[in-house]
Every structure is written in C-alpha cells, then in structure tokens.
Amino acid sequence: VLLLNLLCFKLYVESEDYVEMLQMIVTLYRKFEKILTYLFFSVLSTILDTMVVWIFFQILGIDLTIANTIGIISGFFLHYFLSAKTVFHTQYNLYSFIIYLGTSGVGLLFANFLIANTYSFAVKYAPVWLAFLFGKGVSVLVPFFVMYFIRKYLYILLERNTNHE
C-alpha cells in the first residue's frame, strides 16, 4: 500500500524530488524498522484483542475489565510468537517467555486501569460504543510504548547475561 501510494505520488512530483523522498523514507524505515515491525505485530494483536473484548463485553455482557483481560491474553500469545524472534532477536525459551509474560502482566494492569478510567470518563459525554473505543484506544496506545522499551531493555540485559555465562 505504501509503495502504491508512493508510485501515485510520483505522478505529482518531479523525479529527482521523488527519488530523494523515497531514499529518505527507506532511511527512516531502516532506522525505525524494529519499532515499526513491533507496531505492525501490535496492530494485528490489537485487532484480535479488540474483537475478543467487543464480543465478551458488548455481546455476552461480561464485565469490561474481565473482557479486556481475556482480550489482552489472546493478543499476548499472538504478539509473543510474532515478535520475540523477529523484533527482539531472542529465542523461544523460558527466560524470554518470563520477560514477555511479566511485562504483559504490568501492561495488563496498566491497560485495565486506563480502559476503566477512560471509559468511565468518556461514557458521560459520548455513546457507549464510542466511549468503549476511546477507552480501548488509550489502553492500547500508552502501554504500547511503555512495554516496547521495557522489553527492549530487558532483552538486552538477558542477552548480556547469556553472553557472559
């Protein structure tokens, strides 16, 4: 999609400007490749997560925090298997799983706090479905960055300890 947009954009920009812009985009992508890949996997996990929460909360009438917990756990397994090796270059082993599980636990508590409080605030001013989506958005976006940098740091520590042994 990005390449198609760039090709269409080329019709409106002189070829030299287009080449420079394309080189800049490639350079930026390479610089931020890991976090962009992490973002892509997070989007996939969030789609699964949100669908699960929506079904449990909106259709089955389960408490929002419980539904959110079930959704996050579903997304956790998908995200771990997609990103552990490709983003953090770690092995599927007990240590990497514990790091992912621990950071996901912290992220889950943080996300539940955010969704409950954001939803409670937003439902006073917006329809239930919009308050839900707003709360879910906040509970996904903020922990995304927090967990990425914590995981990155912990996997660096794990790699250093593994190399020293």
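Only a predicted model underlies this, so the values are computations on that prediction, with no experimental measurement involved. (Residues numbered from 1 in each chain as written. Predicted model: local features only at pLDDT ≥ 70, side-chain atom pairs only at ≥ 80, totals over all residues. Heavy atoms only, no water.)

Trainee: Please clarify how the nonpolar core should be interpreted in this entry.
Mentor: Generally speaking, a soluble globular protein has its nonpolar side chains buried in company with each other. Counting residues in hydrophobic clusters, the biggest one holds 15 residues, and the most contacted among them are Tyr-38, Tyr-80, Val-87, Phe-88, Tyr-100, Tyr-148 and Tyr-155. Taken together, the elements giving at least two residues each to this core come down to helix 3 (33–59), helix 4 (64–86), helix 5 (94–122) and helix 6 (128–164). Sort the elements by how many residues they give to this core and helix 6 lands first, with five residues. Counting residues in hydrophobic clusters, the runner-up holds nine residues, among them Val-53, Ile-115, Ala-122 and Phe-132. (Core = buried A, V, L, I, M, F, W, Y, C linked by side-chain atoms within 4.5 Å. Buried < 20%, exposed > 50% of the residue type's maximum accessible area, 1.4 Å probe, protein only. Helix = DSSP H or I, 4+ residues; strand = E, 2+ residues; numbered from the N terminus.)

Trainee: So what exactly am I meant to see when it comes to the packing of aromatic side chains here?
Mentor: Each pair of aromatic rings is reported with the distance of its centres and the angle of its planes. What the rule picks out here adds up to 22 aromatic pairs. Ring plane angle 45° and centroid distance 6.0 Å describe the contact between Phe-76 and Tyr-100, whose orientation is recorded as tilted. With Phe-76 in helix 4 and Tyr-100 in helix 5, this residue pair connects regions lying 24 residues apart in the sequence. An identical accessibility class is assigned to Phe-76 and Tyr-100; each is buried. Relative to Tyr-92, the ring of Phe-81 lies with its centre 5.6 Å away and its plane at 55°, an arrangement referred to as tilted. Separated by eleven residues along the polypeptide, Phe-81 in helix 4 and Tyr-92 in the loop between helix 4 and helix 5 bring together distant segments of the chain. The class of Phe-81 is partly exposed, set by a relative accessible area of 48%. Sitting over the ring of Tyr-100, Arg-151 keeps its end group 3.7 Å from the ring centre. (Phe/Tyr/Trp six-rings, centres within 6.5 Å; stacked < 30°, edge-to-face > 60°. Lys NZ or Arg CZ within 6 Å of the ring centre and 35° of its normal.)

Trainee: Would you mind showing me how to read the layout of surface pockets here?
Mentor: With a probe scaled to a water molecule rolled over the atoms, the places where space remains empty come into view. By volume, the largest pocket is sized at about 270 Å³. Together, 14 residues line the largest pocket, and Phe-88, His-89, Thr-90, Tyr-155 and Glu-159 are the ones closest to its centre. Sorting elements by how many residues they give to the lining of the largest pocket places helix 6 first, with seven residues. Here the lining of the largest pocket is composed, by residue class, of six nonpolar, five polar and three charged. (1 Å grid on protein atoms, 1.4 Å probe; cavity = no way out; pocket = protein on both sides within 12 Å on 5 of 7 lines; lining within 4 Å. Points joined across faces, edges and corners; volume = space filled by probe spheres on them. Nonpolar A, V, L, I, M, F, W, Y, C, P; charged D, E, K, R; others polar.)

Trainee: Looking at this structure, how should I read a nonpolar patch on the surface?
Mentor: A contiguous nonpolar surface patch, about 1,100 Å² in accessible area, is contributed by Met-24, Leu-28, Tyr-29, Phe-32, Leu-36, Leu-39, Phe-40, Val-43, Leu-44, Ile-47, Met-51 and Leu-78. Sorting the residues of the nonpolar patch by element identifies helix 2 (15–31) and helix 3 as the ones contributing at least two each. Looking at which element gives the most residues to the nonpolar patch, the answer is helix 3, with seven residues. (Patch = residues over 30% accessible without salt bridge, like charges linked within 9 Å, V, L, I, M, F, W, Y side chains within 5 Å. Areas by Shrake-Rupley, 256 points an atom, 1.4 Å probe, with all protein chains shown as cover. Salt bridge = Lys/Arg side-chain N within 4 Å of Asp/Glu carboxyl O.)

Trainee: Whenever I open this one, empty space enclosed by the protein confuses me. Can you help?
Mentor: Scanning the model with the defined rule gives two cavities of 30 Å³ or more in all. The wall of the largest cavity is formed by 21 residues, among which Ser-45, Thr-46, Asp-49, Ile-72 and Met-147 lie closest to the centre. When grouped by side-chain class, the residues that make up the lining of the largest cavity number ten nonpolar, eight polar and three charged. Considered as a void within the structure, the second largest cavity measures approximately 40 Å³ in volume. Surrounding the second largest cavity, Thr-103, Val-106, Gly-107, Phe-110, Pro-143, Val-146, Met-147 and Ile-150 form its lining. When contributions to the lining of the second largest cavity are tallied by element, the ones reaching two or more residues are helix 5 and helix 6.

Trainee: Which parts of the structure should I look at to understand the environment of Thr-90?
Mentor: Counting through the fold element by element, Thr-90 comes out in the loop between helix 4 and helix 5. In this structure, the C-alpha to C-alpha distance between Thr-90 and Glu-159, residues 69 residues apart in sequence, is 8.0 Å. In this structure, Thr-90 is in contact with Ala-84, Lys-85, Ser-96, Tyr-155 and Leu-158, ignoring residues within four places of it in sequence. (Contact = heavy atoms within 4.5 Å.)

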